[in-house]
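Letter by letter, the chains look like this.
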Amino acid sequence: MEKITEVNKVHLSGRVLSSPVFNHKTYGEAFYMLLLGICRRSGYEDRIRLIISERLLGGRSPLNGEYLDITGQIRTYNREVDGRNKLEVTVFVREMEYCCESDSENENSIYLEGFICRQPVRRRSPLGREICDLMVAVNRMYNKSDYIPAIAWGRNAAYSGSLSVGDKIMIEGRIQSRDYRKYTEEGHLINKTAYEVSIANIETI
């Protein structure tokens with residue numbers, strides 16, 4: 001079994017929003033996807049996609065509304081949709097425990113060490129707040145890497161905008177889901193969801 005590396009650590013605690021659905025099979029073991037809802041202090045609920053092995057499920061499917069506490073790693077991969085590559089962002093679960101609602105603190109924390117792999121893009125939100133978009137490459141075993149989108153705000157945005165491709169950084173923050181609307185090539189307006197790391201702390205290492 002692949003050992004968890006210290007450069008990619010996720011801890012989540014929240015309520016199950018969907019039943020497990022078969023996702024893929026590797027070396028004879030099946031893996032399932034489900035949604036975990038984690039409330040922010042603002043009341044907004046992030047909907048995080050989890051990938052869980054049948055071994056961790058142990059023959060029992062988590063029920064909608066049950067609470068889970070999990071640790072794992074953020075993982076990304078490209079999936080072709082309508083002839084275009086789409087970056088899929090999920091959390092690969094390494095450990096899972098059932099917990100009571102009273103014990104759940106809606107934990108959402110992530111720690112990453114990686115490299116800037118695309119020039120940071122500074123911009124302003126519709127409300128005028130400065131933000132910066134980053135793409136961070138995090139190495140893992142078997143010569144693979146995860147390419148993780150991240151967003152910084154305020155002073156972190158100003159600092160992030162000064163970074164260059166190849167800089168090694170450390171990030172602490174949380175995983176968030178963000179709903180937005182987009183026009184298709186045919187002119188239809190559709191609802192979409194983006195997944196990214198919201199940066200609380202960032203520094204070069």
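Up top is the structure these notes are about.
Residues numbered from 1 in each chain as written. Predicted model: local features only at pLDDT ≥ 70, side-chain atom pairs only at ≥ 80, totals over all residues. Heavy atoms only, no water.

### Let's talk about the overall build of the chain
Okay, so step 1: Counting its secondary structure elements, the chain contains two helices and twelve strands.
Okay, so step 2: Reading the chain from its N terminus to its C terminus gives the helix and strand order β-β-β-β-α-β-β-β-β-β-β-α-β-β.
Okay, so step 3: On C-alpha atoms alone, the chain measures out to a radius of gyration of 17 Å, which is about the 17 Å that the 2.2 N^0.38 rule sets for 205 residues.
Okay, so step 4: If one aligns the C-alpha atoms of the chain with their principal axes, the spans along those axes are about 50 × 40 × 40 Å.
Okay, so step 5: Counting the 205 residues in the chain, one finds 40% classified as buried.
Okay, so step 6: For the chain, contacts bridging at least 24 residues in sequence account for 62% of all contacts bridging at least 6.
Okay, so step 7: Carbon and sulfur atoms make up 48% of the accessible area of the chain, which totals about 11,800 Å².
Okay, so step 8: Side-chain charges of the chain comprise 29 positive and 28 negative groups, with the mean position of each set lying 5 Å from the other. (Helix = DSSP H or I, 4+ residues; strand = E, 2+ residues; numbered from the N terminus. Rg over C-alpha atoms; globule rule 2.2 N^0.38 Å. Buried < 20%, exposed > 50% of the residue type's maximum accessible area, 1.4 Å probe, protein only. Contact = heavy atoms within 4.5 Å. Areas by Shrake-Rupley, 256 points an atom, 1.4 Å probe, with all protein chains shown as cover. Lys, Arg positive; Asp, Glu negative; His and termini not counted. Charge placed at Lys NZ, Arg CZ, Asp CG, Glu CD.)

### Looking at the pairing of strand β12 (residues 189-204)
Okay, so step 1: Alignment of strand β10 (residues 144-153) against β12, held across two bridges, turns out to be parallel. Each residue of the ladder has a partner; that of Ala150, found in β12, is Val197.
Okay, so step 2: As paired strands, strand β11 (residues 168-183) and β12 are joined by 15 bridges and run antiparallel to one another. When the bridges of β12 are listed, Glu172 appears paired with Asn201.
Okay, so step 3: Here β11 hands over to β12 after five residues, with Gly187 in that stretch at a positive phi of 90°. (Pairing = 2+ DSSP bridges.)

### What about the nonpolar core?
Okay, so step 1: Leu12, Leu50, Ile74 and Ile171 are the most contacted members of the largest nonpolar core, which has 36 residues in total.
Okay, so step 2: Setting aside its immediate chain neighbours within four residues, Ile74 contacts Asn8, Val10, Val89, Thr90, Val91, Ile110, Leu112, Asp146, Ile148, Ile175 and Val197. (Core = buried A, V, L, I, M, F, W, Y, C linked by side-chain atoms within 4.5 Å.)

### Considerations on the side chain of Ser177
Okay, so step 1: Tracing the chain through its elements places Ser177 in strand β11.
Okay, so step 2: Take Ser177: its relative accessible area is 1%, and that puts it in the buried class.
Okay, so step 3: A polar atom in the side chain of Ser177 sits 3.0 Å from the backbone nitrogen of Arg47. (Polar contact = N/O pair within 3.5 Å; in protein donor to acceptor, adjacent residues only side chain to side chain.)

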